[in-house]
Amino acid sequence: MHVQEWLETIPAVSIYALVALVIGLESLGIPLPGEIVLVSAALLASQQGHINPFVLGACASAGAIIGDSIGYAIGRKGGRPLLAWLGARFPKHFGEGHIATAERSFEKWGMWAVFFGRFVALLRIFAGPLAGVLRMPYWKFLIANVLGGIIWAGGTTAVIYYVGVVAESWLKRFSWLGLVLAVLIGLTSMLVLKRKAKKVQGAVREAETVAAAE
């Protein structure tokens, strides 16, 4: 059963709780499909009136912020032995190469790595625990965490909900061109910050290449 089809079988309050829980666990450091669940729930909200998109966005934001904060606390207490343990248990997500790339991003960009990391699947899992391991000042982490969580979760909910509403309306009018345009606008809006986040990672790799050449 697809995620959206399964979500249609449970009440709205359970959807709010599920979205907050999955995103919270992903932000804490557990590799779960938080973005897929959020997109599916937002699209469902555009089709079914009993799901409030504002409540959905708020729950998603709360899950992201709280999960990242717990991850930060765990990382700060566990330190590098925690990363080594995660690497042994989840080599696909916490392998040495992934950890090294994320760590270099944090060392170079600081709190911006936490903010933009929210828009990249890999860094979204690492952000909280790694910021704690590197002992980033909590006030810096909190600012980046709150802003990133609200913009990512709230923005994703708003864009997908709007695209879903417009698409349904235009589909009824058989305006396929309009549907395609709406989807493109929505996707473009969602990818803007993701591209910016990837540029941050690219800049770090480029700096490393130059340093190695010297």
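Rules used in this analysis
- Residues numbered from 1 in each chain as written.
- Predicted model: local features only at pLDDT ≥ 70, side-chain atom pairs only at ≥ 80, totals over all residues.
- Heavy atoms only, no water.
- Salt bridge = Lys/Arg side-chain N within 4 Å of Asp/Glu carboxyl O.
- Helix = DSSP H or I, 4+ residues; strand = E, 2+ residues; numbered from the N terminus.
- Buried < 20%, exposed > 50% of the residue type's maximum accessible area, 1.4 Å probe, protein only.
- Core = buried A, V, L, I, M, F, W, Y, C linked by side-chain atoms within 4.5 Å.
- Contact = heavy atoms within 4.5 Å.
- Expected span 1.5 Å × (residues − 1).
- Axes fitted to C-alpha atoms, helices over the stretch in contact; angles between N-to-C directions.
- Parallel < 35°, antiparallel > 145°, perpendicular 65-115°, else oblique.
- Left-handed = near helix turned anticlockwise from the far one by under 90°.
- Nonpolar A, V, L, I, M, F, W, Y, C, P; charged D, E, K, R; others polar.

**Focus on the pattern of salt bridges**
- In total, this model carries 1 salt bridge according to the counting rule given.
- One salt bridge in this structure joins Arg 118 and Asp 68, with 3.0 Å as the shortest N-O distance. Placement of the pair is Arg 118 in the loop between α7 (111-117) and α8 (121-133) and Asp 68 in helix α4 (residues 53-89), with a sequence separation of 50 residues. Each of the two residues, Arg 118 as well as Asp 68, counts as buried.

**Some remarks on the nonpolar core**
- Core analysis: the biggest nonpolar cluster contains 41 residues, and Ile 15, Val 19, Leu 56 and Phe 106 have the highest contact counts within it.
- Those elements that provide at least two residues to this core are α2 (12-28), α3 (34-47), α4, α6 (96-109), α7, α8 and α9 (138-172).
- Apart from the residues within four sequence positions on either side, Phe 106 is in contact with Ala 113, Val 114, Leu 123, Ala 127, Leu 130, Ala 131, Leu 134 and Met 136.

**So, α3**
- For α3, spanning 14 residues, the distance from its first C-alpha to its last is 20 Å, which sits close to the expected 20 Å at 1.5 Å a residue.
- Where burial is concerned, most of α3 is hidden: 10 out of the 14 residues are buried.
- For α3, the set of buried residues is Gly 34, Glu 35, Val 37, Leu 38, Ser 40, Ala 41, Ala 42, Leu 44, Ala 45 and Ser 46.

**Regarding the packing of α2 against α3**
- Relative orientation of the contacting elements α2 and α3 amounts to 160°, with a least axis distance of 9 Å. The angle between α2 and α3 places the two elements in the roughly antiparallel class. Considering only the axes of α2 and α3, their crossing is left-handed. Contact residues: α2 offers Ile 15, Val 19, Val 22, Ile 23 and Glu 26, while α3 offers Gly 34, Glu 35, Val 37, Leu 38, Ala 41 and Leu 44.
- Along the lines of polarity and charge, the residues of the contact of α2 with α3 split into 8 nonpolar, 1 polar and 2 charged.

**Focus: the packing of α2 against α8**
- At a minimum axis distance of 6 Å, the contact between α2 and α8 shows a crossing angle of 65°. Facing Glu 26, Ser 27 and Leu 28 of α2, the residues of α8 in contact are Arg 124, Ile 125, Gly 128 and Pro 129.
- When its residues are assigned to classes, the contact of α2 with α8 shows 3 nonpolar, 2 polar and 2 charged.

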